[in-house]
Every structure is written in C-alpha cells, then in structure tokens.
Amino acid sequence: MNCLETRESLSAYVDGEFSPDRAAEVAEHLSSCEECAREYESVLTTVRTLRDELVRHRAPDVLRARVRTALREAQLAPPARLMPTPRRAWRIPWHVVAAALVVAVASSGITLLARGGRSSDSALADEVLTSHIRSLMPQHLTDIHSSDQHNVKPWFNGRLDFSPTVPRLEEQGFPLLGGRIDYVHGRPVAVAVYGRRQHVINVFSWPVDPDRDAAPAPEARHGYNLQRWRRDGIEYWAVSDLNAAELRQFAALLSESGKVGAGVAPTAPAPK
Ligand SMILES: [Zn+2]
C-alpha cells in the first residue's frame, strides 16, 4: 500500500470500516511511514474532537453558511424533468455534512483557544489547517478536478466575488490538481490545489484590505508547514506537509505570479 492509498483510507480506517486484512495493510504502512503516521494522528485527533465536542456545541454560522450554499447549488441544479444524477443526489448531503461537522468542531475549538489568549491570526491558522486536513479525506480535495488553469480559474467565476490566482507551475514541479470552494471564518474562499510528489498543497485565498501587501511568511503548526502572504488585496495561505524549504519555494513562485501583469492571461468567463 502506497502513501496515496493510505491517506485515502485513513478516515475509513479510523472509523473501523475495513476488514482485518485491509486494516493490517494500513497499519503496516503507518508503522513504516512517518508522514502518513503524522497524517493519521491528525485525522484521529479531528475525529476524537468531533466525537467529544460535537454534541456540546450549537452549529455555528459557518455550518449554516455551508448548508445554505449547498441548498442554493441544489436549486440551481437542472430541473427534475432531466434525469436527476444520482451523484448530485447523494453528494451534497455527505460532502456538506461531513465537512460542516468538522468545521463546526474546529470553530468550537477556536473559540475556546481564543478565550485562552491566542491571537486571531493563530485561530485563523488553525482553521486553515483544519480545512487542509479535512480536504485530504476521500472526495474532499477538489470540486473541480483538472490540471489546466484555464478550466480551474473560470470555474470560480460566479461562485466567488473575486478571481483567485491559479497559475501553471507544473514545469517548476508543482502540478495543478484542481480547485474547490471552502469556508474560512464563515465565508466562502477559493482553494487552488497543487501537488508535489505525493504531497498535497492547498492554497486558500480571499479578498482583504488592498493597502496591506505582505511577503510570504512561514509558520509550522502540528507538523504541517504554512506560508501566508498578501498581494493586491488578496490574502493567501499555502498549507502542506511538504518540507518548509519547498513550500517556501512554492509560495515565492505563486506570489510572483500573482503580481499585476504577471502570470496567467485573463480567460473568458465561463458560459452561463
Ligand atoms: Zn506513507
């Protein structure tokens, strides 16, 4: 069993859904692979927190926002006289519910942490990291799966009120994997997903005060590396279990491509 298979199996493994043989395969990989073992610890922590905390906390605004968006998307889906797609029928509840539960728990934790005197930046980092971990669970990584920025960038049109930076970095060793909408601080944000060998890099972005550009700054948290920067009114967070040096290189490439006049040429809006 390789790293990718192991990571895709972690949540089922944690939930005890595997046959003994299959579970043994996962366990064997975890005992020999430090990175996957770390990932396993993160999933385990998230699941435990979920079990311990969920019943005690009311659903926060972010949960309601996520459900509202899903309902809106469902209403925008083709009418019933077209054959309803089974995928759409089941995908919304599971995707939304699973993600919303984790976000609900993460938000609860953040509230507690904030009361403990930690800065809002630290809470933000925790929230971005939780979203990163959640995205590694099966079927959560991308809403649009494509290695072509001309597919991924227009996909965000109409889903967000800004246009995220999605440059092509494949030649530099960071292939684009796709994109998705996620939620940070209760609002929808863009996530561009890149790869580096078996590592996943999530790039979160959302609009901020345009007068406060900042160069990429590193942060390490719970065994993960983060890079955060601001450019031209957009705040970016890159998160991965990739080593700090390569993530810094990635952030520098992305940050440079985000300069006005650099990077990807504008693309036509997606057909309505
Ligand atoms: Zn591994």
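Computed from a predicted model, the values in this text were never measured in an experiment.

Rules behind the numbers
Residues numbered from 1 in each chain as written. Predicted model: local features only at pLDDT ≥ 70, side-chain atom pairs only at ≥ 80, totals over all residues. Heavy atoms only, no water. Phe/Tyr/Trp six-rings, centres within 6.5 Å; stacked < 30°, edge-to-face > 60°. Helix = DSSP H or I, 4+ residues; strand = E, 2+ residues; numbered from the N terminus. Buried < 20%, exposed > 50% of the residue type's maximum accessible area, 1.4 Å probe, protein only. Core = buried A, V, L, I, M, F, W, Y, C linked by side-chain atoms within 4.5 Å. Donors = N, O, S within 2.8 Å, 3.2 Å for Na, K, Ca; no water. Tetrahedral: all angles 85-135°; square planar, octahedral: opposite > 155°, others 65-115°. pLDDT = per-residue confidence, 0-100. Contact = heavy atoms within 4.5 Å. Axes fitted to C-alpha atoms, helices over the stretch in contact; angles between N-to-C directions. Parallel < 35°, antiparallel > 145°, perpendicular 65-115°, else oblique. Left-handed = near helix turned anticlockwise from the far one by under 90°. Nonpolar A, V, L, I, M, F, W, Y, C, P; charged D, E, K, R; others polar. Pairing = 2+ DSSP bridges. Patch = residues over 30% accessible without salt bridge, like charges linked within 9 Å, V, L, I, M, F, W, Y side chains within 5 Å. Areas by Shrake-Rupley, 256 points an atom, 1.4 Å probe, with all protein chains shown as cover. Salt bridge = Lys/Arg side-chain N within 4 Å of Asp/Glu carboxyl O. Lys, Arg positive; Asp, Glu negative; His and termini not counted. Charge placed at Lys NZ, Arg CZ, Asp CG, Glu CD.

Taken as a whole and assessed by the stated rule, the structure comprises five aromatic pairs. Each ring, one from tyrosine 13 and one from tyrosine 40, has its centre 5.5 Å from the other, and the planes form 55 degrees; the classification is tilted. Residue tyrosine 13 is found in helix H1 (residues 3–14), and its partner tyrosine 40 is found in helix H3 (residues 34–53); the two are separated by 27 residues along the sequence. Between tryptophan 229 and tyrosine 236, the aromatic rings sit 5.1 Å apart at their centres with planes inclined by 10 degrees, giving stacked as the arrangement. Given a relative accessible area of 1%, tryptophan 229 falls into the buried group.

This part takes up the nonpolar core. Grouped together as the largest cluster of nonpolar side chains are 26 residues, with contacts concentrated most on Phe156, Tyr194, Ile201, Val203 and Phe250. Looking at this core, the elements with two or more residues in it are helix H7 (149–155), strand S2 (176–184), strand S3 (187–196), strand S4 (199–207), strand S7 (234–240) and helix H8 (244–257). Within the second largest apolar cluster, 18 residues are counted, among which are Val128, Leu136, Val189 and Leu226.

In this section: the environment of aspartate 15. Considering the arrangement of structural elements, one finds aspartate 15 in the loop between H1 and helix H2 (20–32). A sequence separation of 32 residues divides aspartate 15 from valine 47, and the C-alpha atoms of the two residues are 8.8 Å apart.

Here we come to the coordination of the zinc ion. Summarising the metal site, the zinc ion is bound by the protein donors Cys3 (SG), His29 (NE2), Cys33 (SG) and Cys36 (SG), whose distances to it range over 2.1 to 2.3 Å. Given four donor atoms and angles of 100 to 114 degrees at the metal, the environment of the zinc ion is assigned as tetrahedral. Read in sequence order, the donor residues coordinating the zinc ion give the pattern C-x25-H-x3-C-x2-C. In this pair, cysteine 3 sits in helix H1 while cysteine 36 sits in helix H3, placing the two residues 33 residues apart along the sequence. In this structure cysteine 3 comes out as buried when scored by relative accessible area, which is 16%.

Predicted confidence across the chain gives a mean pLDDT of 77, with 69% of residues reaching 70 or more. Note that pLDDT drops below 50 for residues 78–96; the model gives that stretch 18 contacts with residues more than four away or on any other chain.

This part takes up the environment of serine 42. Turning to its location among the elements, serine 42 is positioned in helix H3. If near-sequence neighbours (up to four positions away) are discounted, serine 42 is found in contact with Ile133 and Tyr224.

Attention shifts here to the packing of H1 against H2. Contact geometry for H1 and H2: axes closest at 10 Å, N-to-C directions at 120 degrees. Taken together, the axes of H1 and H2 lie oblique to each other. The way H1 lies across H2 gives a crossing that is left-handed. Of the residues in H2, those in contact with Cys3, Thr6, Ser9, Leu10 and Tyr13 of H1 are Arg22, Ala23, Val26, Ala27, His29 and Leu30. Looking at the contact of H1 with H2, its residues break down into seven nonpolar, three polar and one charged.

Where strand S5 (residues 214–221) lies against strand S6 (residues 224–231), six bridges are found, and the strand directions are antiparallel. Across the sheet, residue alanine 217 finds its bridge partner in S6, namely arginine 228. Linking two consecutive strands that pair antiparallel, namely S5 and S6, is a turn of two residues; a positive phi of about 50 degrees is found at histidine 222 within it.

A sheet is described by the order of its strands in space; here seven strands give the open sequence S1-S2-S3-S4-S7-S6-S5, paired in antiparallel fashion. This sheet does not close on itself; its edge strands, each paired only once, are strand S1 (144–145) and S5. Where S4 and S7 come together, seven bridges link them in antiparallel fashion. Paired with tryptophan 206 across the two strands is glutamate 235, which belongs to S7. Relative to S6, H8 is tilted by about 20 degrees, and along the sheet it contacts S3, S4, S5, S6 and S7.

Another aspect to go through is a negative patch on the surface. Residues Glu5, Glu8, Asp21, Glu25 and Glu28 make up a contiguous surface patch of negative charge. Those elements that provide at least two residues to the negative patch are H1 and H2. You can see aspartate 21 is positioned in helix H2. The exposed category is assigned to aspartate 21, whose relative accessible area is 61%.

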